[in-house]
Each structure stands twice: as structure tokens, then as C-alpha cells.
Amino acid sequence: MKNKLNLLLVVATVASLGSALSSCKKNADDVAINFKDNTEIKDGTVRLLNFKPEIKDKWTNIQTEFKKDTGITLEVETASEGQYETTLRQKISTDKAPTIFQINGPVGYGNWSDYCANLTNLPVYKKLTDTSLSVNVNGAPRAIPQTVEGYGIIYNKALTDKYFALSNKTLPAGVTKMEDINSYVKLKAVVEDMQTHKSDLGIDGVFAPSGLDGSTSWRISGHAFNMPLVGEYGNATSMPKTLEFTYNQQYRNLIDLYVKNSTMTPGNMVSSTMGAESAAFASEKVVMIQNGQWATNDLTAVDGAKAKAENLRYLPLYCGLDTDLVKEETQGLCVGTEAYWSINKQASEDDQSRASIFFTWLFDGNGKKYAVSDLGFSASPYSGFKTAEFASTDALAVQVDAWLASGKKSVPWNFTLVPNTDKQREPLVEKLKAYYNSNLADDKWSELVSDSKSTWTNLVKQIEASE
């Protein structure tokens, strides 16, 4: 997942495209078209620019089956590794421009807004189990997710059940089981009381360590850091020029909760590794760990594991956030993707309709099986996949699907807005180390806040200077 964070945040490179894009063809007509279906269009060509060279060969089968089912030819061109933005810029103004192209989220939309069609009437958009997962601008969807991943606080139900069965526990009002926890206040109360019953539960601490070693620091400097960014920026559509860090206290709430209710002192936790943290959960020495659906095997299928996959559950990252976008009583998991598809609004309406027909075929028709088997879209946000045939067998993916279907509002991945991931995270991790080593002192947290704000501003200036 650490690599995924780096891949997600190609912002620093795409931001330099601004001046080149300003000369591209623009279309002032931004009306949502009424897409035609396959009864009206039975031939022609739809062009797709593929982002991932590693699945280049997988498209051949999809092209054949799509043509067989719809009569429409799917042309797929694959950009070289690391050259997607350059290839798209070269192709977008030609007569072979892609009808379907990929953006990496709101920042990507900011660079390609002249080409991202209004998808309000796209049939498959209406099949999303949570429409907030699309890239929405001014109330209109501009790109749809290919697949999604989710993360949150993972807990072991066997151990929480054991805790709730204790006769001498102290619970906050309204909480009799984990499912009743729907706020930071309730989560904190339960975790702190659970920590006092370590010996009763046979654990070393409630939370696995939240280390700052390179193998694991992304959980705190990336995924937990997402929460104050969501609070500050909401559904942002471009890279913010400044970080006010208005919600730094909510970020601190999470960190302090993890660190104070763990298995070791903050200073010793600095060097903790991902492997050791996952092993602590797997061996049932801890009850909780912040991680995502990619972690199932690490938490249940390693040597000596006692934790069982069927006991894995999620809680959202409750931290006291209360904004127009995030209300704790309706807060879901942090769910997002590194890849969205847009339809080129400079293409003809018939070509845009052909793109719509492809999406319907892939996400709500005969192509669904190829989306899973060939493209690897194992956790789909589209309702057409919510059948036994396409049900995920991965325990944490199943839980993400359940949260998506629960009616709760997913929290977007705003860490994709960071100007430069590595250069923002490196000093943040160093300040977190100082904070841990000070035993969570207020002055070290103030330094962290100040440094994060200035780092963000300086990175934006560097990007602007390079344009």
C-alpha cells in the first residue's frame, strides 16, 4: 500500500501540465447529454487509453467479448510506465483522441476539466452504491471509479465480544456492543476501559503499535493524515495552495488514542515495523489496528496466527470530525481509488454514448466477469456486482462492501491532494518521531503543525515555479 500512495500522488508531476493544457481545445457547452444505448448504436469505435502496462494483454479478451456482445469496436492503447499524462496530452487533440481516459482524482480533474464530460445521465453512475465515490464537481460527476479500496480501524470481534462479556467493564451511555460505537467520544471511552482490562482479555494492549519505521509510517502520515485534510478541504477539486491545518486536533486525537492504548511506550514505538504490528494482531496480543482490506492475509494467515478472518470487522476513523461532509453519526470507512475513468466531452455525442455502452457492459452487463477476472476489480462499488456470483471471498473486502451498502457516507481519499507525497511525509514523520519521543508533549505537537503548514506552502511554490 505504501507504493500505492506514491502512485496515487503523481500530483507533483501532473501539476506542471497546467501551461500546456491552457492551449488545448475547450468546450464551453457543459450540458449533461442523454446517452444512447446499444439498441440505438450497434457499431463504431470507442477508444480507451490504458494506464497500467501490466494488464495490457488482458484487454485483448475484453475487446473480443465486447465486440461480440455489442457490435462496437474497443480500441485500447497502453501508455508506457510513468508516461500516461504525457501520452494523454499528445493524443487528446488528435483525431485518434481517447474517448475514455483515466484521471487520478480531483487534482487530475483540475488538469483535464476541459475534457471531462458531465456524467449525470450516465446509466452506470446511477449503479454506484455510493455516488460520493465518483469525482463530483459542483454537484455533477466528472469521473467514475474503476474499483475501490477501504481502510479504517480493524478489530477482532472474538476479543471485543470477550470484552463486552466482562462483568466489571465501564461503558459509555448507549453502548452495549461494537456496532453502537459511532463517535470518537464513544470509541475513546471503550478503548480506554478495554486497556484497563488487558489482563482479563489476555492482551498486551488494545491497539497494535503505530510505528514510524518506513514500512508502516504511511498508516499515520498518510492514511490517518487524511482525516484533517477531509475536514479542511471537503470534496476539493484541485490542489490547495495552503494547509491551514484547522483540524490538527482531530488528527492528534487519533494518534494519541492509538499510542496511549498500545503495547509499548511512545519512544519505543518509533522503530516499530509493519511486520511486528501485524503479527501482534494476528497472535491476538492486540484487539485493533488501523489498516485496509489489502491486509487480510497479514493479519490472519501468518505463522502462529490466532486471529480468524471471519472475526475481522471495521470501525471508521472516528476522531471528532464534524463538518458539512463528515458527520460522525453517518461516517463510513475511508474508501477511494487510484483510478477513475472520464469520458472525453470533446468527442461526438455518439462516441460518448459508445463509451457509456462500454461502461454499462463492463460494470452492469456481461463484462462484469472480465472486470473481475481480467482487470482485477475485486471490490467493485457498482450494485451489479452485489450478487453471489461476484461476492468477494476476502474477509476485509466483504466488510468494505458491507459498509458501502450500509447507507453510511464514505470518507474520500484526500491524501491525493498533497503537493508531493514523499516531500510532505518525510518531515511529518520526523516531527511525529519528536512528538513520540517527548511522550506526546504539547510543544512538539505545535512544532509539527507549524512545520506541516510551511512544508505544504513551500512545495506548492516549487511546483508553481516549475510551470
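Residues numbered from 1 in each chain as written. Predicted model: local features only at pLDDT ≥ 70, side-chain atom pairs only at ≥ 80, totals over all residues. Heavy atoms only, no water.

S.K.: How would you summarise the side chain of Thr 323 if you had to cite specific residues and measurements?
M.R.: Within the secondary structure, Thr 323 sits in the loop between β8 (312-315) and β9 (331-336). The residues touching Thr 323, leaving out its near neighbours within four places in the chain, are Gly 231 and Tyr 247. (Helix = DSSP H or I, 4+ residues; strand = E, 2+ residues; numbered from the N terminus. Contact = heavy atoms within 4.5 Å.)

S.K.: Any chance you could break down empty space enclosed by the protein for me, citing the residues and the numbers?
M.R.: Counting across every chain of the model gives three cavities of 30 Å³ or more. Reported here for the second largest cavity is a volume of approximately 40 Å³. Leu 325, Val 326, Lys 327, Thr 330, Gln 331, Lys 409, Ser 410, Val 411 and Pro 412 together form the lining of the second largest cavity. Considering every element that reaches the lining of the second largest cavity, the biggest residue donor is strand β11 (residues 409-411), with three residues. (1 Å grid on protein atoms, 1.4 Å probe; cavity = no way out; pocket = protein on both sides within 12 Å on 5 of 7 lines; lining within 4 Å. Points joined across faces, edges and corners; volume = space filled by probe spheres on them.)

S.K.: Describe the packing of aromatic side chains, and please don't skip the residues or the numbers.
M.R.: Centre distance and the angle of the planes are the two values used to describe a pair of aromatic rings. Counted according to the given criterion, the structure contains 29 aromatic pairs. Ring geometry for Trp 218 and Trp 294: centres 6.4 Å apart, planes at 50°, overall tilted. With Trp 218 in helix α10 (residues 218-224) and Trp 294 in the loop between β7 (288-292) and α15 (296-300), this pair connects stretches of sequence that are 76 residues apart. Using a relative accessible area of 24% as the deciding quantity, one classes Trp 294 as partly exposed. (Phe/Tyr/Trp six-rings, centres within 6.5 Å; stacked < 30°, edge-to-face > 60°. Buried < 20%, exposed > 50% of the residue type's maximum accessible area, 1.4 Å probe, protein only.)

S.K.: I'd like a rundown of the environment of Asn 437, residues and numbers included.
M.R.: One can find Asn 437 in helix α19 (residues 421-437). When the C-alpha atoms of Asn 437 and Lys 56 are compared, they prove to be 48 Å apart, with 381 residues separating the residues in sequence. With residues up to four places along the chain from it excluded, the contact list for Asn 437 reads Gly 267 and Val 270.

S.K.: Describe in detail the packing of α19 against helix α20 (residues 442-466), supporting the description with residues and values.
M.R.: Two numbers describe how α19 lies on α20: the axes approach to 9 Å, and their chain directions differ by 170°. In terms of orientation, α19 lies roughly antiparallel with respect to α20. Of the residues in α20, those in contact with Lys 423, Gln 424, Pro 427, Leu 428, Lys 431, Leu 432, Ala 434 and Tyr 435 of α19 are Lys 444, Trp 445, Glu 447, Leu 448, Asp 451, Ser 452, Thr 455, Trp 456, Leu 459 and Gln 462. Counted by class, the contact of α19 with α20 contains nine nonpolar, four polar and five charged residues. (Axes fitted to C-alpha atoms, helices over the stretch in contact; angles between N-to-C directions. Parallel < 35°, antiparallel > 145°, perpendicular 65-115°, else oblique. Nonpolar A, V, L, I, M, F, W, Y, C, P; charged D, E, K, R; others polar.)

S.K.: Outline the pairing of strand β10 (residues 340-343), listing residues and values.
M.R.: Because side chains alternate across β10, one face comprises the buried residues Tyr 340 and Ser 342, and the other comprises Trp 341 and Ile 343, equally buried. With four bridges connecting them, strand β3 (residues 100-103) and β10 associate as antiparallel partners. The residue bridging Ile 100 from the neighbouring strand is Ile 343, located in β10. Relative to β10, strand β5 (residues 140-145) runs antiparallel, the two being bridged by two bridges. (Pairing = 2+ DSSP bridges.)

S.K.: Residue-level account of the nonpolar core, with values.
M.R.: Grouped together as the largest cluster of nonpolar side chains are 67 residues, with contacts concentrated most on Tyr 251, Ile 255, Met 288, Leu 432 and Tyr 436. Non-local contacts of Leu 432, meaning those with residues more than four positions away in its chain, are made with Leu 212, Ile 220, Tyr 251, Ile 255, Trp 445 and Leu 448. Formed by 35 residues, the second largest nonpolar core is a distinct cluster that contains Ile 55, Leu 375, Tyr 382 and Phe 385. (Core = buried A, V, L, I, M, F, W, Y, C linked by side-chain atoms within 4.5 Å.)

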